[in-house]
Amino acid sequence: MSSYQIAEQLGTSQRPVLQALRERGVKRRNPSVRRTAIQEGVFDAVSPEMLYWLGFLYADGSISGNRITLALQERDVLHLEKFKQFLGISNDITGYMPKAGQRVMRVSTRSQHIVDRLHELGMDKKQPPLLAREESVDSRDFWRGMVDGDGTIMITSGGVVRLVLNGNQELVEQFSIYCGHLVESKAQVVKHSSISRVSYSGKYARTLIAHFYQRAVVSLDRKQVAANAIIERSE
């Protein structure tokens, strides 16, 4: 059991747990040594699944040193299992309760090779993320990953279908350009503080949702269900 898991069970932070372990002469496991195997090359070759997870990590992932972490709401914990399967790892999924909001679940793993590759592909949290590969810009799988992480699919109380993407301005503008090749919408990218947003509704949203979610190789379950309902309604 990790110091984090012990702290979680005791309802405290890691610091007092680590202090207590040091006082009792308990040696910490070397954090540079992984407990489970990982498929180091998962982001090396371009594939629909690889591009999806790249997009999802852009939205909800983080990098710190050689550690990759994906954190989601508790209701989406099964998506973390999909991510683990993609990486080929068996690391524990742990949870924590933020000061405000719902319980969050996360999984982390270490791989300098994957971190370096993600940086090559433009995922650098120290700067606004920019796409470095044309395959990503032109991939419905990448953008579905972004929508699953930072987007909204819904039918309003008035029966209007909506598709929204929030995020970094450069990414949202690239998403708008991509969608512009599919629909002739007049939707504009709008900036709210540090977050930008573009929103599509009606027939434009239905067309885009069908494009992103029909025969998807991987997707967030609850958004796939919402997309399927919209697609079936449109047929």
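Everything below is about the structure printed above this text.
Just so it is clear, the model here is predicted, and its values are computed rather than measured. (Residues numbered from 1 in each chain as written. Predicted model: local features only at pLDDT ≥ 70, side-chain atom pairs only at ≥ 80, totals over all residues. Heavy atoms only, no water.)

Let's talk about helix 4 (residues 77–87)
Part 1: Listing the buried residues of helix 4 in full gives His79, Leu80, Phe83, Lys84, Phe86 and Leu87. All buried residues of helix 4 project into a common sector of 160° when viewed along the axis, lining one side. Turned more than 90 degrees off the buried face of helix 4, the exposed positions are Leu78 and Gln85.
Part 2: Of the surrounding secondary structure, the elements contacted by the buried residues of helix 4 are helix 3 (48–60), strand 2 (67–73), strand 4 (104–110) and helix 5 (112–120).
Part 3: Once helix 4 finishes, Gly88 follows within two positions and takes phi at roughly 75°, a positive value. (Buried < 20%, exposed > 50% of the residue type's maximum accessible area, 1.4 Å probe, protein only. Helix = DSSP H or I, 4+ residues; strand = E, 2+ residues; numbered from the N terminus. Arc of directions from axis to C-beta. Contact = heavy atoms within 4.5 Å.)

What to know about the environment of Ala227
Part 1: Here Ala227 lies in helix 10 (residues 221–234).
Part 2: Given the relative accessible area of 0%, Ala227 is considered buried.
Part 3: Apart from residues no more than four positions distant in its own chain, Ala227 is found in contact with Ile153, Ile209 and Tyr213.

Focus on the sheet that holds strand 7 (residues 190–192)
Through backbone hydrogen bonds, the strands of a sheet pair up, either in parallel or in antiparallel fashion.
Part 1: The four strands are arranged 5-6-8-7 in an open sheet whose pairing can be described as antiparallel. Among the strands making up the open sheet, the edge pair consists of strand 5 (151–155) and strand 7. Neighbour-to-neighbour, the strand axes of the sheet open up by a mean angle of 25°, direction not taken into account.
Part 2: Its contacts with the sheet put helix 10 on strand 5 and strand 6 (161–167), and the angle it makes with strand 5 is roughly 45°. (Pairing = 2+ DSSP bridges. Axes fitted to C-alpha atoms, helices over the stretch in contact; angles between N-to-C directions.)

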